Amino acid sequence: MASSRQDYIAPWWTYWLHNFPHLNFNFQTVDGTFKPEDTSYQQSLIFLACVSAVGLGLSLLVLSAYLTCLCCCRREEAEEVKRPDTCCVTWAAVITGLVICSAVGVGFYGNSETNDGVYQLTYSIYNANHTLGSIGSLVGNSLGSMQVGLKEHLERLDEIFSPRGDYTQTLHFMQQMANNIIQQLTAMPDTMKVQVDLAAIADKTSFIEYYRWLTYLLLLILDLVICLVACLGLAKQSRWMLAVIMVCGVLTLIMSWASLGAGTATAVGTSDFCVSPDKFIVNETKDSLSADIVHYYLYCSQSLPNPFQQSLTIFLRSLTTMQIQVQGLLQFTVAVYPTAEKDLLGIQQILNSSEFNMHQLTALLDCRSLHKDYLEALLGVCYDGVEGLLYLCLFSLLAACAFCALLCAVPRAWTLIAIRDRDYDDIDEEDPFNPSRRITPYNPSRAQVHSFCSYSSSMGSQTSLHPPLNQSMLFERSPRYENVPLIGSGSPPPSYSPSMRTTYLSMTDAQIRHFGTDFQI
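Just so it is clear, the structure is predicted and the values come from calculations on it, not from any experiment. (Residues numbered from 1 in each chain as written. Predicted model: local features only at pLDDT ≥ 70, side-chain atom pairs only at ≥ 80, totals over all residues. Heavy atoms only, no water.)

### Regarding the nonpolar core
With 101 residues, the main nonpolar core has Phe-161, Leu-253 and Leu-361 as its most contacted residues. Broken down by element, this core gets its largest block of residues, 21 residues, from helix α11 (residues 367–425). (Core = buried A, V, L, I, M, F, W, Y, C linked by side-chain atoms within 4.5 Å. Buried < 20%, exposed > 50% of the residue type's maximum accessible area, 1.4 Å probe, protein only. Helix = DSSP H or I, 4+ residues; strand = E, 2+ residues; numbered from the N terminus.)

### A few points about a nonpolar patch on the surface
Judged by side-chain polarity, Phe-207, Ile-208, Tyr-210, Tyr-211 and Trp-213 come together as a nonpolar surface patch covering roughly 550 Å² of accessible area. Tracing the chain through its elements places Phe-207 in helix α5 (residues 191–236). (Patch = residues over 30% accessible without salt bridge, like charges linked within 9 Å, V, L, I, M, F, W, Y side chains within 5 Å. Areas by Shrake-Rupley, 256 points an atom, 1.4 Å probe, with all protein chains shown as cover. Salt bridge = Lys/Arg side-chain N within 4 Å of Asp/Glu carboxyl O.)

### Some remarks on the pattern of salt bridges
Where side chains of opposite charge bring their charged atoms close, a pairing between them can arise. Here the structure, examined in full by the defined rule, presents five salt bridges. One salt bridge connects Arg-164 with Asp-166, and the closest N-O pair in it is separated by 3.1 Å. Residue classification places Arg-164 among the partly exposed positions, given a relative accessible area of 31%. Linking Asp-366 and Arg-368 is a salt bridge whose minimum nitrogen-to-oxygen distance equals 2.7 Å.

### Quick notes on the UniProt feature "transmembrane region" (unreviewed entry) in the protein chain
UniProt's feature table lists "transmembrane region" (unreviewed entry) at residues 45–67, 88–109, 213–235, 242–260 and 389–410, given in the numbering used throughout. Summarising residues 242–260: 100% helix, 0% strand, and an end-to-end C-alpha distance of 26 Å. Structurally, residues 389–410 is divided into 100% helix and 0% strand, and its ends, taken at the C-alpha atoms, are 31 Å apart. (UniProt positions renumbered as here; feature names shortened; annotations may be inferred.)

### Some points on the packing of helix α9 (residues 309–332) against helix α10 (residues 340–365)
Relative placement of two packed helices is described by the angle separating their axes and the distance separating the axes. α10 packs onto α9 with a crossing angle of 160° between their chain directions and a minimal axis gap of 10 Å. With respect to α10, the axis of α9 lies roughly antiparallel. For the element pair α9 and α10, the recorded crossing hand is left-handed. Considering only residue class, the contact of α9 with α10 consists of 15 nonpolar, six polar and two charged. (Axes fitted to C-alpha atoms, helices over the stretch in contact; angles between N-to-C directions. Parallel < 35°, antiparallel > 145°, perpendicular 65-115°, else oblique. Left-handed = near helix turned anticlockwise from the far one by under 90°. Nonpolar A, V, L, I, M, F, W, Y, C, P; charged D, E, K, R; others polar.)

### Quick notes on α9
The terminal C-alpha atoms of α9 lie 35 Å apart, and with 24 residues this matches the ideal 34 Å at 1.5 Å per residue to within 8%. For α9, the complete set of buried residues consists of Ser-311, Leu-312, Phe-315, Ser-318, Leu-319, Met-322, Gln-323, Val-326, Leu-329 and Leu-330. (Expected span 1.5 Å × (residues − 1).)

### As for the environment of Leu-56
Take Leu-56: it is sitting in helix α2 (residues 39–72). Leu-56 sits in the buried class, given a relative accessible area of 16%. Leu-56 sits 202 residues away from Ala-258 along the chain, and the two C-alpha atoms are 8.3 Å apart. If we skip the residues at most four places from it in the chain, Leu-56 touches Leu-253, Ile-254 and Trp-257. (Contact = heavy atoms within 4.5 Å.)

Right under this line is the structure:
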């Protein structure tokens, strides 16, 4: 489908968004024509924004059901498992981090594109506003010169030339030409109202865009920080980090769905305008500007006549005629009426200034300047602006899905922390492998027990052995030896696995065969 404009073709994504169903609060179909003042059309955009609220509700419902199932159907871990399987949590953290980082990158690009499009829109509006202001200023200056300055000079000359009827007749003819110029300038449309409306639109758009850009920037930074904290918290399995992730994740999930709804409604509304912008502008300006003027500036075709051409032609002819009359009076009356020279030169200066204003006015009233601003505004908002909004919607959707997965992984990590703490609490206080076991005091009754550490060197001899020390004296300066197996105690600690038990017994039998029974306890 192609646009009716030959120099502006709406992009395909605006037609795709324009074809979204427009439903009001009564679930009735609404015309997709851009009508921001219409109540039904406003309801259709609000309805699109509320669709994301349904998605948020479903996400929270799924999370609630998942947490309920996790609490009620949690699998009991075996008591001998010391290191639970964390592969699922690790992969969830990695995938979630990658998705969130990708979403943040897409969001930064979309935020920049939208800002560029809106900036181009406001810049074009300000340019058009400046052009309209210049037109109004030129028309006002020329009108004031003809109504005030020229009238005063003609009245004084009429008194001076009162004895000469032919000169006064020339002055009356000049006044008639001035009235024609005043009539043509007065018939031109008042650009002040349009100028005020454009300035208000540009200022309001810039204000809204600044806070929209800032809000998305803060949301992107927040998502990135939460992603880093989440990966760190899941890796370290810190409870306070998991609690922070849970709270911030829920808030960010809500903001992601809210931004998705606002972005979708804005993108659809903007696309409705971009599909048929001319129709909307014609309807908005029909009370202040005629249809031929609006079409002349919207299309700027060579086949369309300039609606101001006739007025400008009369303006120029009247000025030329008046200048000819002034030149004749200067040539024939100054010698007879020297006091008339000052007023005649004043009239000539007014006519020269009016002619200069007329040439500027002709250039500004040409359609090419305003039409160029109009096209740049359309390209900015319909190409960069809507495209950026689509990327922002994609960011919001990816972020919402990623944070849902993240919130599902946090309870699993919390469970692993609980299992780890439980396993640490189940270690026997008498287990020599327990790091928190208190060092037992020196017991004189066990002073003759030979330590296995005394035979660690294969180069030594039995006669060079030092007196045996008890366990406390051996380890009081080297805490890292607390977990060394105590060979010869008769039975392994209760925390030994079957393989460790086999190794322990084999080592004990070999030592007994080598050293005999002298070192048995």
